[in-house]
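Listed below, chain by chain, are the residues.
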Amino acid sequence: MPTTREDPPVTFGSLVLRNLLRRPARTALTAAGVAIGVGLIVALLSLAAGVRRTANDLIHVGRADFGLFQSGVADFTRSLLPNSLAAEVRRRPGVEDAAPLKLLVASVDGHDGYLVFGLAPGGFPARRLVVVAGRRGGPGQALVGDHAARRLHLRPGDRVAVGRGSFRVAGVYHSGNSFEDGGLVLGLGLVERLAGHPGEATTIAVAVDPGRRPADVARSLRRRFSGLAAVTDPGQAVKVDTSSRLVLETGWIVSILALVVGGIGVANTMAMAVLERVREIGILRAVGWRARRVAALVLGEALAICLLALGVGLALGLAAAETLTRRGALSQLVQPDFTAGVFAWGLAFACGVALLGAVYPAWRAVRLTPIDALRHE
């Protein structure tokens, strides 16, 4: 007696997949539109996290309580403050010490993007460096952070090329700040000349008197010296870095537009799918499917499209954030920070687009009665 092969049972998931594969081109185009929105969200939030992380590291160089910058500059490294300002800040109430600091992003031994810190020999940021190998050295000699020393394979006595100059490594230091330990230290005047701005520091590092709140002292300094940005909290970084602020503000606007456009795209796709399957929906209703199950089917298809878009969008977001930082759209100090929260927001965006796009098609599907649906041509 011949045997017959039984078709596999149709599950809810397989039904969703089969419906999406009916029009693969339309499904792919819809997913691509949502993926662009997810990519924008991921790039935006990772850059925002990177700005906060960079600001937190920068304002605490030398274990400072906060830093003073020129307000409204394009990015952190373009802040220019006269070295003489440190003496005036030091005399203000609540300030224990203040020291000028020059920050330069330079090529070190042929590797781009290294941080070179110009520190005054007697300033508290220089005094707080712990030399773990070699010695502090003198004028024209370099100290290398222990993280940078491991990456560049440098030891006391070696020569290190910084830009077009070459310096002997006097010692290796550790500060406890990964931002600082990944760079090099040279004399303040030397780094200012390398940067082409002699006598002008990037920031004034401030240490407050014991018992005083840094925020109160910073507020007093802002009132006294107009044009200064006193950054005490990483969230205030955009007050200094205007290019970062522009990218973040523009990114939020574009992301909201992407949410709306993505929702419309998903709604259009699902509405067309419902229109094409009116008779099929009528059969499902006739065999006992309830309205909420039909709505769940439409929502499941929308979610499947958006989860597909999520994977593509995460990759796009990572690539976009890296491109923005490498091409100089943001400060050279800012690197994207891909945290769990960034990916969670990407997932929330994809699910939000799915829900937004599925509302009308699902409502339309559940309003179909079995008789009307079966009569549909």
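So, here is what we can say about the structure in this document. (Residues numbered from 1 in each chain as written. Predicted model: local features only at pLDDT ≥ 70, side-chain atom pairs only at ≥ 80, totals over all residues. Heavy atoms only, no water.)

1. A short note on the packing of aromatic side chains
- Inspection of the entire model under this criterion finds 0 aromatic pairs.
- Between the NZ or CZ atom of Arg-224 and the centre of the ring of Phe-225, over which it lies, the distance is 4.8 Å. (Phe/Tyr/Trp six-rings, centres within 6.5 Å; stacked < 30°, edge-to-face > 60°. Lys NZ or Arg CZ within 6 Å of the ring centre and 35° of its normal.)

2. Focus: unusual backbone geometry
- For Asp-109, which is not a glycine, the phi torsion comes out positive at approximately 50°.
- Tracing the sequence through the fold places Asp-109 in the loop between strand E3 (95-108) and strand E4 (111-119).
- Residue His-153 is not a glycine yet carries a positive backbone phi of 60°.
- Tracing the backbone through its elements, the reader meets His-153 in the loop between helix H5 (146-152) and strand E7 (159-162).
- On the basis of relative accessible area, His-153 is assigned to the exposed category, the value being 67%. (Helix = DSSP H or I, 4+ residues; strand = E, 2+ residues; numbered from the N terminus. Buried < 20%, exposed > 50% of the residue type's maximum accessible area, 1.4 Å probe, protein only.)

3. A word on empty space enclosed by the protein
- All chains considered together, the criterion is met by 2 cavities of 30 Å³ or more.
- In this structure, the second largest cavity spans a volume of roughly 40 Å³.
- Around the second largest cavity sit Leu-58, Ile-59, Val-61, Ala-64, Phe-66, Gly-67, Leu-101, Thr-203 and Ala-205, which together line it.
- Elements with a contribution of two residues or more to the lining of the second largest cavity: helix H2 (24-59), strand E1 (66-70) and strand E11 (203-208).
- Residue composition of the lining of the second largest cavity, by class: 7 nonpolar, 2 polar and no charged. (1 Å grid on protein atoms, 1.4 Å probe; cavity = no way out; pocket = protein on both sides within 12 Å on 5 of 7 lines; lining within 4 Å. Points joined across faces, edges and corners; volume = space filled by probe spheres on them. Nonpolar A, V, L, I, M, F, W, Y, C, P; charged D, E, K, R; others polar.)

4. Description of the layout of surface pockets
- Of the pockets and cavities examined, the second largest pocket occupies roughly 320 Å³.
- Around the second largest pocket sit 17 residues that line it, and Leu-119, Pro-121, Arg-136, Gly-137 and Gly-138 are the ones nearest its centre.
- Breaking the lining of the second largest pocket down by element, the ones donating at least two residues are helix H4 (124-127), strand E6 (141-145) and strand E9 (184-187).
- Looking at the lining of the second largest pocket residue by residue, the classes come out as 10 nonpolar, 5 polar and 2 charged.

5. Observations concerning the pairing of E3
- Burial runs high along E3: 12 of the 14 residues are buried.
- Alignment of E3 against E11, held across 6 bridges, turns out to be antiparallel. Bridge pairing in E11 links Ala-99 to Ala-205.
- The sheet contact formed by E3 and E4 spans 7 bridges and is antiparallel. Counterpart to Val-108 in the pairing with E4 is His-111.
- In this structure, the hairpin formed by E3 and E4 is closed by a connection of 2 residues, where Asp-109 is found at a positive phi of approximately 50°. (Pairing = 2+ DSSP bridges.)

6. Side note on the side chain of Glu-192
- Structurally, the position occupied by Glu-192 is in helix H7 (residues 188-195).
- Comment: no salt bridge for buried Glu-192; closest opposite-charge side chain is Lys-102, at 6.3 Å.
- A distance of 2.9 Å separates a polar atom in the side chain of Glu-192 from the backbone nitrogen of Gly-199. (Lys, Arg positive; Asp, Glu negative; His and termini not counted. Salt bridge = Lys/Arg side-chain N within 4 Å of Asp/Glu carboxyl O. Polar contact = N/O pair within 3.5 Å; in protein donor to acceptor, adjacent residues only side chain to side chain.)

7. A few points about the state of the cysteines
- Evaluated as defined, the whole model comprises 0 disulfides.
- Cys-351 supplies the cysteine sulfur nearest to Cys-306, a cysteine that is in no disulfide, at a spacing of 7.6 Å.
- Classification of Cys-306 by relative accessible area gives buried; the value is 1%.
- When its relative accessible area of 26% is taken as the criterion, Cys-351 is described as partly exposed. (Disulfide = S-S within 2.5 Å.)

Worth remembering: the numbers are spatial, not functional.
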